[in-house]
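Working through the structure, step by step
Listed below are the residues making up each chain.
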Amino acid sequence: MHKMNYQIKDIAGKLAKGFLHNPLTPILGIFLLVIGYISLEVMPREEDPQISVAGGTVIVPMPGATPKEIENIIVNPLERKLREIKGIKHIYGVAMDNVGVINVMYYIGEDRQAANQNLYDKVYQHMDEAPKGVMHPLIKPFDVDIDIPIMTLTFYKKDPNKINDIELFKVVRELQQDLNRIKDVSKTQIKGGKKEQFNIEVDLNKLSGYHLSLGQIVQALKGLAYDAPDVKDKTKSNKMVIFGVKNAIESVQDVENLIVAQYMGSPIYLKNVAKVTDGTDIQNYKDVEMTWRDKKKAPFHPMQDSVTLTLGKLAGANAVVIADAVKEKMEAYRPKLEKMGIGYVITRDYGKRANDAVNELVDHILITIVIISVMLVFFLGWKESLIVTFTVPAILAITLFIAYVTGQTINRITLFAFLLSLGLLVDAAIIVIENIHRHLHSHDAVDKDLDEIMVEATDEIGSPTNIATLAIILTMVPMAFVGGMMGQFMKPIPLNVPVALVASLVVAYIFTPYLGRRLLKKPHMHHHRHHWQKEGHEEGAK
């Protein structure tokens with residue numbers, strides 16, 4: 001190997017020299033592309049980044065207390081205590097009959113688990129100061145991650161003669177139990193279902209005729225037991241005696257024959273003062289109707305009574321994987337549902353939207369890389385363009401892998417950060433390749449070894465390129481300190497762009513000279529050399 005006369009001054013030259021003939025360099029390049037592709041495939045996909053929202057509700061019952069008493073005894077003292085917690089933005093207290101409710105909202109970005117723990121600790125630390133009559137408080141923290149559904153399935157009756165509202169609700173409830181077992185599915189809820197119950201419509205005129213109050217009816221109904229406990233004991237002969245009470249409520253007649261009072265020595269049955277029917281929860285005034293169409297311009301299906309099942313996911317889980325698992329399970333259920341006269345429509349599919357958003361941005365990144373490479377063909381040449389084009393996926397691969405390792409999800413903002421930094425990413429590689437090109441075409445290139453040209457050209461631009469890249473990174477840093485909703489939403493940009501820029505330097509310094517050494521050649525400049533020697537001889541002769 002030709003002895004190198006050039007003295008390396010910068011890290012750029014050291015990296016260029018170290019990897020120029022290293023047999024591991026091509027393996028490193030392939031490895032980077034592979035881990036980048038794997039990261040892109042396995043990273044949890046979401047449409048938007050997850051925003052950390054913390055808060056909760058504290059419910060403190062005090063039976064018999066007036067709103068004024070609740071305010072003075074519960075709400076005001078508890079508000080004062082909760083203000084001792086760091087990070088709370090708003091506290092809203094509500095005093096009502098028998099209960100006080102305090103809603104707590106933290107600043108967006110506060111760690112939710114720590115916030116929930118602080119809220120819990122603060123309430124229970126001061127329970128000894130609560131006056132007599134105050135009951136055990138109930139603390140319900142907000143959980144935005146699992147409360148927002150990623151999928152909603154709406155079920156409807158294809159044939160109302162085959163299935164009624166109650167049977168439809170029971171089928172959806174069974175499905176809820178099964179779908180809840182899918183990995184990373186969290187909160188599931190049924191909306192719009194009609195539950196089975198006995199409806200008792202009391203005739204107030206008959207009540208007054210028997211000198212009864214509605215309160216007496218309510219008390220009698222409260223005494224109904226759905227499950228009577230078994231009494232077990234052993235006799236002298238060591239036999240087991242079991243006293244079992246059959247479930248008393250099995251039919252409308254069972255409810256009608258409930259004795260609600262005695263009047264002049266005779267029992268008064270519920271059927272004497274009320275009408276009892278077997279039906280649905282009539283106190284639930286909500287009805288859900290759905291209309292839909294299969295394709296964009298297709299006619300709408302007629303309105304149908306429907307029941308909606310919503311599914312949430314755990315924080316950081318892959319929405320696409322969960323959505324696919326739900327669809328697969330529902331396809332397996334489809335024949336059974338068809339047989340029962342039940343149809344279903346997926347009315348929200350966050351997984352598909354997340355996947356489409358990610359794929360669209362990946363396509364845009366690929367289009368941008370192609371545009372950059374075509375532009376460079378005209379300005380530098382096709383070989384130089386090829387070298388620069390390789391560096392872009394390598395840089396993105398490193399950034400994606402680091403994002404995956406640090407627990408980030410891939411979403412629109414993460415990919416927007418890559419798209420935003422694409423123009424900046426090729427800067428270092430273009431500067432290196434342009435300087436190599438200049439050195440190869442200089443007059444003294446013919447006397448220099450190709451290795452020396454590659455290392456010198458890379459090292460020469462190292463210091464200014466490093467400073468320029470650092471300046472760009474510093475412009476991104478303030479974005480990391482933006483608070484509130486916008487700060488949380490835009491966080492992937494200050495997290496990923498600096499990583500991509502540092503990766504662009506490393507990749508440019510390692511792979512550009514390596515590929516340049518193998519693809520680029522010194523132009524034929526012997527006529528120049530001969531011309532200089534001839535001029536030199538003529539000068540000597542004079």
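The present account deals with the structure reproduced in this document.

Calculation notes
- Residues numbered from 1 in each chain as written.
- Predicted model: local features only at pLDDT ≥ 70, side-chain atom pairs only at ≥ 80, totals over all residues.
- Heavy atoms only, no water.
- Helix = DSSP H or I, 4+ residues; strand = E, 2+ residues; numbered from the N terminus.
- Buried < 20%, exposed > 50% of the residue type's maximum accessible area, 1.4 Å probe, protein only.
- Contact = heavy atoms within 4.5 Å.
- Areas by Shrake-Rupley, 256 points an atom, 1.4 Å probe, with all protein chains shown as cover.
- Pairing = 2+ DSSP bridges.
- Axes fitted to C-alpha atoms, helices over the stretch in contact; angles between N-to-C directions.
- Salt bridge = Lys/Arg side-chain N within 4 Å of Asp/Glu carboxyl O.
- Parallel < 35°, antiparallel > 145°, perpendicular 65-115°, else oblique.
- Left-handed = near helix turned anticlockwise from the far one by under 90°.
- Nonpolar A, V, L, I, M, F, W, Y, C, P; charged D, E, K, R; others polar.
- Phe/Tyr/Trp six-rings, centres within 6.5 Å; stacked < 30°, edge-to-face > 60°.
- Polar contact = N/O pair within 3.5 Å; in protein donor to acceptor, adjacent residues only side chain to side chain.
- Lys, Arg positive; Asp, Glu negative; His and termini not counted.

Observations concerning the overall build of the protein
A count of helices and strands for the protein gives 18 helices and 15 strands. A total of 542 residues make up the protein; the buried ones form 40% of that total. Counted over contacts in the protein with a minimum sequence separation of 6, partners at least 24 positions apart contribute 76%. A total accessible area of about 30800 Å² is found for the protein, and carbon and sulfur atoms account for 59% of it.

Observations concerning the sheet that holds strand β4 (residues 138–141)
Taken together, four strands build an open sheet; the order of strands is β2-β3-β1-β4 and the sheet is antiparallel. Strand pairing shows two members of the sheet lacking a second neighbour, β2 (88–96) and β4, which therefore form its edges. Neighbour-to-neighbour, the strand axes of this sheet turn through a mean angle of 15 degrees, independent of strand direction. Strands in contact with helix α3 (residues 67–82) are β1 (55–61), β2 and β3 (99–106); relative to β2, the strand with the most contacts, it is inclined by about 165 degrees. Across the sheet, helix α4 (residues 112–125) touches β1, β3 and β4, and the angle it forms with β4 is around 165 degrees.

Quick word on the pattern of salt bridges
Pairing between side chains becomes possible if they bear opposite charge and their charged atoms approach one another. Counting across every chain of the model gives nine salt bridges. Close ionic contact of D178 with K329 constitutes a salt bridge, the shortest N to O distance being 3.8 Å. Taken together, the residues D178 in helix α6 (residues 165–179) and K329 in helix α11 (residues 319–340) connect sequence positions 151 residues apart. Exposure remark for D178: the relative accessible area of 16% places this residue in the buried category. Its relative accessible area of 29% is what places K329 among the partly exposed residues. The residue D184 makes a salt bridge to K183 at a minimum N-O spacing of 3.7 Å. For K183, a relative accessible area of 65% gives the class exposed. Among the charged side chains, a salt-bridge network with shared partners connects D178, R181 and K329.

Some points on the packing of α6 against α11
It is at 12 Å that the axes of α6 and α11 come closest, and there the two elements cross at 160 degrees. Classed by the angle they form, the pair α6 and α11 counts as roughly antiparallel. In the crossing of α6 with α11, the sense of the turn from one axis to the other is right-handed. In contact with V171, L175, D178 and L179 of α6, α11 contributes V326, K329, M330, Y333, L337 and M340. For the contact of α6 with α11, the per-class residue count stands at eight nonpolar, no polar and two charged.

Quick word on the packing of aromatic side chains
Two aromatic rings are characterised by how far apart their centres lie and by the angle between their planes. Applying the stated criterion across every chain yields a total of three aromatic pairs. The interplanar angle of 40 degrees and the centroid separation of 6.0 Å between the aromatic rings of F155 and Y344 together place this pair among those described as tilted. With a gap of 189 residues between them, F155 in strand β5 (residues 151–157) and Y344 in strand β15 (residues 342–349) connect regions that are remote in the sequence. Assigned by exposure class, F155 and Y344 land together as buried. Between F390 and F511, the aromatic rings sit 5.5 Å apart at their centres with planes inclined by 70 degrees, giving edge-to-face as the arrangement. One end of the pair, F390, is in helix α13 (residues 382–405); the other, F511, is in helix α17 (residues 492–519), with 121 residues separating them in the sequence. Here F390 falls in the partly exposed class, since its relative accessible area comes to 22%. Classification of F511 as buried rests on a relative accessible area of 3%.

Overview of the pairing of β3
Burial of β3 is extensive: six of the eight residues sit out of reach of the surface. Inspection of the sheet shows β1 paired to β3 by seven bridges, in the antiparallel sense. Looking across to β3, one finds that V58 is bridged to I102. Relative to β3, β2 runs antiparallel, the two being bridged by eight bridges. Bridge pairing links G93 to I102 in β3. Linking β2 back to β3 in an antiparallel pair, the connection comprises two residues, with N98 at a positive phi of about 70 degrees.

Focus on the environment of D254
Secondary-structure assignment places D254 in helix α9 (residues 252–256). A C-alpha to C-alpha distance of 9.9 Å links D254 and L270, two positions 16 residues apart in sequence.

So, the pairing of strand β10 (residues 259–263)
For β10 and strand β11 (residues 266–269), the ladder comprises four bridges, and the chain directions are antiparallel. By the bridge assignment, A261 is partnered in β11 with I268. The loop that links β10 with its antiparallel partner β11 comprises two residues; one of these, M264, has a positive phi angle of about 55 degrees.

Describing the side chain of N496
Inspection of the secondary structure puts N496 in helix α17. Here P492 takes part through its backbone oxygen, which lies 2.8 Å from a polar atom of the side chain of N496. What N496 contacts, discounting residues up to four positions off in sequence, is T399, A403, Q408, T414, A417 and F418.

Let's talk about the side chain of E79
Structurally, E79 can be placed in helix α3. Among buried Asp, Glu, Lys and Arg side chains, E79 stands out as unpaired, with R83 the closest opposite charge at 4.2 Å. A distance of 3.2 Å separates a polar atom in the side chain of E79 from the backbone nitrogen of G93. If near-sequence neighbours (up to four positions away) are discounted, E79 is found in contact with I91, Y92 and G93.

As for the packing of helix α1 (residues 11–20) against helix α15 (residues 450–476)
Between α1 and α15, the least distance of the axes is 6 Å, while the angle of their chain directions is 145 degrees. Every pair of crossing elements has a handedness; the one defined by α1 and α15 is right-handed. Where α1 approaches α15, its residues I11, A12, G13, A16, K17 and L20 are matched on the opposing element by D451, M454, V455, T458, D459, G462 and N466. Broken down by class, the residue content of the contact of α1 with α15 amounts to six nonpolar, four polar and three charged.

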